[in-house]
Amino acid sequence: MIEYKERLQQIRESGTYRSLQPTETEGKYVYVSGKKLLNLSSNDYLGLQELSGLPEEYRQSREFRPMMSSSSARLLTGNDRIYQELEQYLAAQYSVPSALVWTSGFAANSGIIPSLVDGETLFLADRLIHASMVEGLRLSGCRFARFEHNDVTRLRDLLERNEGEYRHIWVLVESVYSMDGDVAPLADIVALKRDFPSMRLYVDEAHSVGLCGHGLGLCAELGLLSGVDLLLGTLGKALGSIGAYSLQSASLREIFVSQARPFIYTTALPPLMVGWTLFLLRKVREMEDRRAHLVEMRQRLGDRIGRAPESQIISLEIPGEQKVAEAAKDFMREGLFVRPIRKPTVPSGRERLRISLTAAMSTEEIDHIGEVVRRWM
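The shown structure was predicted, so the numbers you read here are calculated from the model rather than taken from an experiment.

A. Structural detail: the overall build of the protein. Helices and strands together make up the secondary structure of the protein, namely 14 helices and 14 strands. What you see for the protein is a C-alpha radius of gyration of 21 Å, in line with the 21 Å of a compact globule of 377 residues. Viewed in the frame of its principal axes, the protein has a C-alpha envelope of about 55 × 55 × 55 Å. Looking at the protein as a whole, 51% of its 377 residues qualify as buried. Long-range contacts, defined as pairs at least 24 residues apart, comprise 71% of the intrachain contacts of the protein with a sequence gap of at least 6. Within the structure as shown, the protein displays about 17,400 Å² of accessible surface, and the carbon and sulfur contribution to it stands at 49%. Separation between the mean location of the 46 positive side-chain charges and that of the 49 negative ones in the protein comes to 3 Å.

Below is the structure:
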C-alpha cells in the first residue's frame, strides 16, 4: 500500500488535498470547533432551515409518506406512487410534456448526456459548466467543443461551422453559474435556435430554481421555457430537499429510464423524502416574500461593496492558495463561515471565497459581511 501513501503525499503537495470538517448546523448558523458562525457556504438560499415548523406541517400533510427507504431502484419495486405525483406536479407547473426525478444533480447530468448520443450528436459546452456535465461529456464518448464563458459570438461560430454535419447539436449551459454567480445570456442563446435547426438547448438551473420565476427558475422568469429542450433542477439547494429533476419530451424521458445508468442502477430516493419534496415545492411556489428579501439583501451587499451581484452567489477572487486560506480564517474570526475554493474546482491563480446569501440573513448581518468583504477586495 506504499504507492497510495505516496499518492496521498502528492495530493497534499499539489494543493488539492481535502478533508471533512465536522460541523453542526442550526438554521442559518453552523458550529465549527464549538464556535457559532453565520453560514456563508450553504445553498439553502431561501433559508428554509430557519422555518422549524415545516417538518411537523409535513407530517400532517397529504404528501406525507412514512416509508424510510425505497429498498430498490425505481425499475424494480422502488417506484412508489409519490414519484408519479411529484413528476406530474413538476410537468404541470412548467407546462412541459414530462418530468423525471433523479437521486442527485450529478447523477442526472452524468447519466443524461451519454443517453443523448445517437451517432450524429455534437455537444457545445460553456467552459464553466458544472463538473457533473463535464463528467457526462467524458462518459458519452462523443465529440464536444467548449466555448469561452458566456461568449455567444463564439457559440454562433461553432454552430455555423457544424450545422448540417450533425443531426443534433446540444448546447450545454447553466442559468446561474455556481462558482462565479453570474447569469447566462439565455435570451441570446435561445435566439440562436432560429438560425440553426439542429441546435438543442440543455440548461442546468441548479442555482436558480426556487429563487425566481415564482420558484421555477430563471428560464421561467424570462419566458424562455419553450426554447429549452432539457432543463435540470436540483432539489437539494433552494428547494430544501434532496435529489434532482429533469424536464424534457416524453420520448427523451423514456430513453433516460431505459438507458441512463445512474437512473437504472441506483436505489430510489426514500418515499419519505419524495413526499417532503412535493410538500416543499408547493410551499416554495408561494414564498415571494422570501425571494424579495433575498434580492433586497443581495442589492444591499452590492451597495456596501460597490459591485452589483448578479445572483445570490458572490465570488470574491483572492489569488494564491495561502492567501485565500488566510482570508477564510479572517472571515471565521469575524463570525462568518466560508470555505476557500482552490484547484481543481477553479484554476490556479483564480482561488476565491464563494459567498452564498440566504433569505434568512438580516440587514445587520449583510452589513457586517460587506465590511469583511471590502477588506479582501
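B. Main features of the nonpolar core. Ranked by internal contacts, the top residues of the largest apolar core, which has 85 residues, are Val171, Phe331 and Ile369. Counting residues in each nonpolar core, the second largest holds 24 residues, with Ile112, Val134, Trp170 and Val257 among its members.

C. Region of interest: unusual backbone geometry. Residue lysine 343 is joined to proline 344 through a cis peptide bond whose omega torsion reads 5°. The topology assignment puts proline 344 in the loop between strand S13 (340–341) and strand S14 (352–356). A positive phi angle, close to 60°, is found at asparagine 150, a residue other than glycine. Position of asparagine 150 among the secondary structure elements: in the loop between strand S6 (144–147) and helix H6 (152–162). Judged by relative accessible area, asparagine 150 falls into the partly exposed class, the value being 24%.

D. Highlighting the layout of surface pockets. Its volume calculated, the largest pocket comes out at about 1,300 Å³. Along the walls of the largest pocket sit 43 residues, with His130, Met179, Ile341, Thr345 and Val346 positioned nearest its centre. For the lining of the largest pocket, the secondary-structure elements that each account for two or more residues are helix H4 (105–115), helix H5 (131–140), strand S9 (230–234), S13 and S14. Examining the composition of the lining of the largest pocket, we find that five residues originate from one element, H5, more than from any other. Here the residues of the lining of the largest pocket sort into 15 nonpolar, 13 polar and 15 charged. Estimates place the volume of the second largest pocket at around 350 Å³. For the second largest pocket, the lining is made up of 21 residues, of which Trp170, Asp229, Gln248, Ser249 and Leu252 are closest to its centre. Of all the secondary structure elements, the ones that give two or more residues to the lining of the second largest pocket are strand S7 (168–174), S9, strand S10 (244–248) and helix H9 (250–259).

E. Region of the structure containing the pattern of salt bridges. Under the definition given, this model contains 24 salt bridges. Residue arginine 291 is joined to glutamate 288 by a salt bridge in which the shortest nitrogen-to-oxygen separation is 2.9 Å. Here arginine 291 pairs with glutamate 288, and both are found in helix H12 (residues 288–305), just three residues apart, close to one helical turn. What makes arginine 291 buried here is its relative accessible area of 4%. Residue aspartate 330 is joined to arginine 333 by a salt bridge in which the shortest nitrogen-to-oxygen separation is 3.5 Å. Linking aspartate 330 with arginine 333, this pair stays in helix H13 (residues 321–333), spanning three residues, or about one helical turn. Overall, aspartate 330 belongs to the buried group, its relative accessible area being 10%. What emerges from the salt-bridge pattern is a single network uniting Asp180, Glu317, Arg350 and Arg352.

F. Representation of the environment of serine 241. Inspection of the secondary structure assignment puts serine 241 in the loop between S9 and S10. Taking the relative accessible area as the measure of exposure, serine 241 reaches 13% and is therefore buried. As for serine 241 and phenylalanine 263, which are separated by 22 residues in sequence, their C-alpha atoms are 18 Å apart. Sequence-distant contacts of serine 241, that is, excluding residues within four places in its chain, are made with Leu235, Gly236, Met273, Trp276, Thr277 and Leu280. Within the structure, the side chain of serine 241 is placed 2.6 Å from the side chain of threonine 277, a separation counted as a polar contact.

G. Representation of the sheet that holds strand S3 (residues 35–39) within the structure. The four strands lie next to each other as S1-S2-S3-S12, forming an open sheet whose pairing is mixed. Edge positions in the sheet fall to strand S1 (24–26) and strand S12 (336–337), since each of these pairs with one other strand and no more. Pairing of strand S2 (residues 29–32) with S3, which is carried by four bridges, proceeds in the antiparallel orientation. Bridge pairing links tyrosine 31 to lysine 36 in S3.

H. Focus on the packing of aromatic side chains. Counted under the stated rule, the structure contains eight aromatic pairs. Measuring from centroid to centroid gives 6.4 Å for tryptophan 170 and tyrosine 202, while their planes differ by 80°, and the two rings are edge-to-face. One end of the pair, tryptophan 170, is in strand S7; the other, tyrosine 202, is in strand S8 (residues 199–204), with 32 residues separating them in the sequence. For the pair tryptophan 170 and tyrosine 202, one class covers both residues: buried. Ring centres of tryptophan 276 and phenylalanine 279 lie 5.8 Å apart, and the angle between their planes is 25°; this geometry places the pair in the stacked category. Placement of both tryptophan 276 and phenylalanine 279 in helix H11 (residues 271–284) is noted, with a separation of three residues, approximately one turn of the helix.

I. Representation of H11 within the structure. Its 14 residues place the ends of H11 20 Å apart at the C-alpha level, agreeing with the 20 Å of an ideal helix rising 1.5 Å per residue. Those residues of H11 hidden inside the fold are in contact with helix H2 (54–59), helix H3 (81–94) and H12.

Rules behind the numbers
- Residues numbered from 1 in each chain as written.
- Predicted model: local features only at pLDDT ≥ 70, side-chain atom pairs only at ≥ 80, totals over all residues.
- Heavy atoms only, no water.
- Helix = DSSP H or I, 4+ residues; strand = E, 2+ residues; numbered from the N terminus.
- Rg over C-alpha atoms; globule rule 2.2 N^0.38 Å.
- Buried < 20%, exposed > 50% of the residue type's maximum accessible area, 1.4 Å probe, protein only.
- Contact = heavy atoms within 4.5 Å.
- Areas by Shrake-Rupley, 256 points an atom, 1.4 Å probe, with all protein chains shown as cover.
- Lys, Arg positive; Asp, Glu negative; His and termini not counted.
- Charge placed at Lys NZ, Arg CZ, Asp CG, Glu CD.
- Core = buried A, V, L, I, M, F, W, Y, C linked by side-chain atoms within 4.5 Å.
- 1 Å grid on protein atoms, 1.4 Å probe; cavity = no way out; pocket = protein on both sides within 12 Å on 5 of 7 lines; lining within 4 Å.
- Points joined across faces, edges and corners; volume = space filled by probe spheres on them.
- Nonpolar A, V, L, I, M, F, W, Y, C, P; charged D, E, K, R; others polar.
- Salt bridge = Lys/Arg side-chain N within 4 Å of Asp/Glu carboxyl O.
- Polar contact = N/O pair within 3.5 Å; in protein donor to acceptor, adjacent residues only side chain to side chain.
- Pairing = 2+ DSSP bridges.
- Phe/Tyr/Trp six-rings, centres within 6.5 Å; stacked < 30°, edge-to-face > 60°.
- Expected span 1.5 Å × (residues − 1).

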